[in-house]
Amino acid sequence: MHSQWRILFLLLASIANAARLTVSIPASPPLLANPATLPSSTHAVLIGPAGVHYDVPIRKDSTFAFGDLAEASYLLTIYSRDYFFPSLRVDVGAAADGSQHQTIQAWQTFRGNEWNNKGPAYGQGRDELKVQVQPTSKKDFYQSRGGFDILGFLKNPMILMGLVSVVFIFGLPKLMDMLDPEMKAEIEEMQRGKRAAPAELQSERDRATSEAVNAVQNFDIASWLAGRSSGGGGSK
Amino acid sequence: MWLHSLQVIFAAACFVRLSAAVFADEAWNVDYHYALLGEPKEETTFFHQPNPSSKASLIYSLSEQGVLGAINPRDGSVVWRQPLLRDDTAQNASFLRAGEDRDVVVSGLGRQVAAWNAADGRLEWDLIVDGDLADVEILALDEGTPTTGAKDVIALSGGEHAAVRRIDGATGAVKWRHPLDGPDVPYQVSASATELYAIALHKTMLGYYKLKVISLDPVTGRKTDEHMLSSESELTTTDTIVSVGANSASPIIAWTDSAASVLKLNVLGTSGVSSFNIDKHGEGAVRRVRMHAPRHSNALAHFLVHYESDTAHWAEVFHIDVRNGKVEKAYSLPKAAGRGAFSTSVIDANVYFTRVTQTEVVTVASASHGILSRWSLQGARVADNSNSTPEPIHAVSEVSFKDNAVSAVRTALYTSTGDWILLRNGSPAWTRPEILATTIAATFAAPAEAEALVKQLQAEAHSNPVQAYSHRLQRHIADLKLLPAILSSLPQRIIDAFFGNSAEGGIGHDGFGFHQIIACATKSGRVVAFDAASPTKILWNRQVADLQPGQSWQPSLYSPRGGVIVVRSRADIGVEYSATDGELLASTLPVAEREVPSSKAMQYTIRSGGLEATLGERSAWHFVPANGETVISLVPRPINDPVASIGKVLGDRRVLYKYLDPNLALLVTGRNASRTASFYVLNTVSGAVIHSSMHTGVDLDAPISSMMSENWFAYSFTAEASDDSPKGHQLVVGELFESLVPNDRGLLSAKANYSSLESGAEPFSLVHTYQIPERISKMAVTRTRQGITSRQLLAVLPDSNALVGIPYGVLDPRRPVHRDPTKDEQMEGLVKYTPVLDFDPKWYLNHQREVVGIKDVETSPALIESTSLVFAYGLDIFGTRLSPSFSFDILGKDFNKFQMLATVAALAVATFVVAPLVMRKQVDQRWKLL
């Protein structure tokens, strides 16, 4: 009976001494609207000095509970299948007033930085600390392929130009046919006038320009590639 | 020069899309995953309804491997899993209990009692006790008022402070604790509706055990009674204690004498012991006696005793008269050949026993021996071509009733082949190869068909032209026989190819080398093989090692040539099996081919903290780590590690020569007192240290993984914090070069020959350290046929339950530090060094899957250069195909056949439409010219 009480006392004493840390994941819309959807494999790991390694699974109320933490400086990481969480630095130390109690503090920490470089504080407590940690981002596992997109294809200016010219080639004669005969005759008259007119009206310069335009329009790519100038056949 | 420029272009092309990733359309198709629990234990496996208001039940099991999980009985998928044992080296007793109509399951393992939500597997509470658990029970106490919350848990712990505890089922707080003083060993607890019994083993002077029953008041935990059961000189070991019933109307304890001739029973709370003679049933002694009793306090007090001899099994059903505690035999079930499994189901208060023999599934009620349902066992032969039939080991059943008749029986049966099969009315609904969770060695083997073709081609190449021609003609004529089959399957193949289904046929038709056979050697001495490209079907499963209980083996598997797998245990020659069907090829290798421990092979042993290399009998060299460090691991370069180029082509087309030596190994040593770890690159022939580095503040309890390939190495460790250095996990990558001056081979340039022993040339090494987000427990590297494809470092992340493939370009030690890369470096794909390396989720080969407990990763080249096959084992089995430089030699899923056809069709239409126009224009032009 005596021994029983002693063990009980020891147990109570150790509970009183031990710092407890509770990390909870609050609902944080829009990223994680309902933390209850986190899979049960979600767990939190506290890494202390060499050999000290606590690993606790997620509880029903989306918290992680660490009990009985010895005095040390810990790195807290939460691992989940679908989300990234920030890592925290958790310090457990003796209380300043020399009592039996312990202080426990938490800050954000940044990987690759010296351990002293602490981020925003998450909280501070006497023997017990409750902190809330929100996910930073969702894991995106899949690379999508640059697939074929018909709309993107049609937005291409080259394609648009081609389509417009197709419309002109096929659509314009049809449009002409649809006009009434009088109007058609008028337009034809106008065009004939235009074609006939230049002979008299054009200046020297204009004629030169139209010749150049003609040359461009009648450009014979085959003969050019064969090394003949369009001008009259002398090869170099 | 031409080659160099080609390589530059190639390298640039690779690095432009640096993030080799998992594509959404490949994700669930090219990879495969068996989410396993491990071998289910009979006592910790049951059907239970996670939601008391609904009838749907799940199968819960806590396996030998210490994994707790819930399985959906409909399709065999895992609903949730919790690995309770992070390392399965320690064999602890484990317990799993579920209260009637409660939504929690309570597990006990080691020193931890934990309650888990039955529906989603989240922790409700946990409690660490000060001694290894001997038993965990749920208190089915009828406390008058209907309690809505969880039922309380009784935990019995052993050790120095052996005690019985009552734990609040809702919070996990200890309600009372009753210490068990004295030398007696706590054995089990048992609860009836009103009483609580703790059974301890009392060792007498003569070495026999006596059973001590301690009655406790469930409310206060006070001892109300204590008595010894008269088991005079009967119990020599605890093995002959058959069972201690729990949570029944009248819990019983049963044991036999060591010859298994008499069964003794005691109803707990009484002092009388009933004896029953065990009928021998012909020849063969009774090997094992088991008891199957309902675990419900309101069920009828009936139970079944299951006898097993070497060749047969039978059973007897007993009834307990609750009023006077008398036990009497009701009826017996006839003998059946082979082994059998019995399971108990309770509906309302009625008890039903389901018996699975090798041929049928039979259900009887406990009250009478009339058969309620009988189904013959169909198709439960797991591996048809293995000549041994799987035997039932144990089973759990769920019986459904409709109109007073059995309408369906679902039985989760564990067989001797290590398969967990759900029998729905005698026909298998699904099979889980749980034996693969105990894989300790694995290898890839090319199928024999591919090998046969290679042999024929070789025969043709080595004979004279006329013979070769006739051989070839004969081969093609023989191939013609296959034509009808190919023609008939052609339409289907074309359709499959168009609709994106995999057009990969059987093992025989495999041009890409994806159909490799993976053989896994398990802890229990079996070898299981399946096809890497169609892993849902187990090819064969056979016992290769005859292990006694408690005996272990250290198998190594390898494939010397296609179609053959050699299994060898430590210090054995090895036995050859056919990779395709598991047939034994030769029991021992022919003497001429026997591998004599040759005087030319080096052997490495760890001796007195150091590493010693011996050549034949003589000691070649001895490596003693500094400052009393001990060897942690030695990782050599893989034997088959092809290197495509001896140099690295820089952006300006000059070359950095790699330091390539086939005899490199990475040795890791550590010292716990100073928390230092040293890493040495050794030449394993000469023993020379080629590169070394030491890290301080290393957590030696955390995994230190290392890897060596080609001319580079990688290792990772967990570093401790100091004020001015970061805490966390680090990954170090180093690369060895002959010289750091381009186009210069340093000392080696003048030499025509190279010897490990005489060379004084030491490499120049470049090392980068990266801060990584989590620990890496194991590393491997992708392997391709020629080694042209860039490599990926495969890292097992135990905390994320993932396997990542890190592209080498990200790790490259030549990444420029403190400056932006020059144009030439950009050409190479080098980016500025950043100390923090995040694992992009797109690198997760397992993507959304959770791959738990991976211990090792095997890689194998496919026949095409771009692809490497990856296979990871441990608890789960995971495999995939990787193309680190993308699939440049195969039309992947990104090749859209419809799009291609549509383009061709559009062009054809355009041609037909435009042709008359062009014709008219040409004619017009002729007329104009004339």
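Residues numbered from 1 in each chain as written. Chains lettered and ligands numbered in written order. Predicted model: local features only at pLDDT ≥ 70, side-chain atom pairs only at ≥ 80, totals over all residues. Heavy atoms only, no water.

Student: Hey, could you run me through the nonpolar core in this one?
Tutor: Across soluble globular proteins, nonpolar side chains show a tendency to be buried alongside one another. With 36 residues, the main nonpolar core has Ile-59, Leu-436, Ile-518, Phe-530, Phe-871 and Ile-877 of chain B as its most contacted residues. Here the element with the most residues in this core is strand β59 (residues 868–874) of chain B; it accounts for 3 residues. Excluding residues within four positions of it along the chain, Phe-871 of chain B makes contact with Tyr-32, Ala-442, Phe-444, Ile-518, Cys-520, Phe-530, Asp-856, Val-857, Glu-858, Ile-877, Phe-878 and Gly-879 of chain B. Of all hydrophobic cores here, the second largest spans 27 residues; its members include Ile-25, Val-56, Phe-64 and Phe-85 of chain A. (Core = buried A, V, L, I, M, F, W, Y, C linked by side-chain atoms within 4.5 Å. Buried < 20%, exposed > 50% of the residue type's maximum accessible area, 1.4 Å probe, protein only. Helix = DSSP H or I, 4+ residues; strand = E, 2+ residues; numbered from the N terminus. Contact = heavy atoms within 4.5 Å.)

Student: Explain helix α3 (residues 157–178) of chain A here, please?
Tutor: Each α-helix winds once per 3.6 residues, and so residues spaced three or four apart point in a common direction. Residue and element names in this part refer to chain A. Between its first and last C-alpha, α3 extends 30 Å over 22 residues, near the 32 Å set by a 1.5 Å rise per residue. At Gly-171, α3 shows its strongest bend, of approximately 35°, with the proline Pro-173 following within four residues. For α3, the side-chain oxygen to backbone nitrogen distance between the N-cap and Met-158 is 3.1 Å, and the N-cap itself is Asn-156. (Expected span 1.5 Å × (residues − 1). Bend = angle between axes of the 7 residues up to and from the residue. Polar contact = N/O pair within 3.5 Å; in protein donor to acceptor, adjacent residues only side chain to side chain.)

Student: What exactly am I supposed to notice about the interface of chain A and chain B here?
Tutor: A common way to express how large an interface is: the accessible area buried when the components associate. Contacts between the two partners involve 43 residues from chain A, matched on the other side by 62 residues from chain B. For the pair chain A and chain B, the summed buried surface comes to about 4600 Å²; carbon and sulfur atoms form 52% of the total. Area buried by chain A at its contact with chain B is led by Arg-111, Tyr-142 and Arg-145 of chain A, which between them contribute 19% of it. Among the salt bridges present, the one from Arg-111 of chain A reaches Asp-838 of chain B, with a minimum N-O distance of 2.1 Å. Connecting chain A to chain B are 22 residue pairs in polar contact (both at pLDDT 80 or more). Within the residue set of the side of chain A that touches chain B, elements represented by two or more residues are α1 (2–17), β2 (43–47), β3 (53–57) and β5 (72–79) of chain A. Considering each element in turn, the side of chain A that touches chain B owes the most residues, 4 residues, to β5 of chain A. Residues of the side of chain A that touches chain B, tallied by class, amount to 19 nonpolar, 14 polar and 10 charged. (Buried area = accessible area lost by both parts, 1.4 Å probe. Salt bridge = Lys/Arg side-chain N within 4 Å of Asp/Glu carboxyl O. Nonpolar A, V, L, I, M, F, W, Y, C, P; charged D, E, K, R; others polar.)

Student: I keep staring at the side chain of His-292 of chain B and nothing clicks. Help me out?
Tutor: Residue and element names in this part refer to chain B. Take His-292: it is sitting in strand β22 (residues 286–292). Here Phe-342 takes part through its backbone oxygen, which lies 3.4 Å from a polar atom of the side chain of His-292. The contact partners of His-292, leaving out residues within four places of it in the chain, are Glu-42, Phe-303, Leu-304, His-306, Phe-342, Thr-344 and Phe-353.

Student: Sorry if this is basic, but what is going on with the sheet that holds strand β10 (residues 128–132) of chain A here?
Tutor: The pairing of strands in a sheet happens through backbone hydrogen bonds and is either parallel or antiparallel. Residue and element names in this part refer to chain A. Read across the sheet, 3 strands follow the order β4-β1-β10 without closing on themselves; strand pairing throughout is mixed. Either end of the sheet is taken by a strand with one partner, and the two such strands are β4 (63–69) and β10. Adjacent strand axes in the sheet meet at a mean angle of 15°, parallel and antiparallel pairs treated alike. (Pairing = 2+ DSSP bridges. Axes fitted to C-alpha atoms, helices over the stretch in contact; angles between N-to-C directions.)

Student: When you look at the packing of aromatic side chains in this model, what are you seeing that I'm missing?
Tutor: Each aromatic ring pair is described using two quantities: the centre-to-centre distance and the angle formed by the ring planes. Residues and elements named next belong to chain B. Applying the stated criterion to the full structure yields 25 aromatic pairs over all chains. Considering the side-chain rings of Phe-444 and Phe-871, the 6.4 Å spacing of their centres and the 80° angle between planes classify their relative orientation as edge-to-face. Here the residue Phe-444 occupies a position in strand β34 (residues 439–445), and Phe-871 occupies one in strand β59, the gap between them amounting to 427 residues. This pair shows no difference in class: Phe-444 is buried, exactly as Phe-871 is. Measuring from ring centre to ring centre gives 5.5 Å for Phe-512 and Phe-514, while their planes differ by 45°; the resulting arrangement is tilted. Put simply, the rings of Tyr-32, Tyr-34, Phe-444, Phe-530, Phe-871 and Tyr-873 touch in pairs and so form one group of aromatic residues. One cation-aromatic arrangement involves Arg-881 over Phe-514; the distance from NZ or CZ to the ring centre is 3.9 Å. (Phe/Tyr/Trp six-rings, centres within 6.5 Å; stacked < 30°, edge-to-face > 60°. Lys NZ or Arg CZ within 6 Å of the ring centre and 35° of its normal.)

So far we have only geometry, and geometry alone does not tell us how the molecule works.
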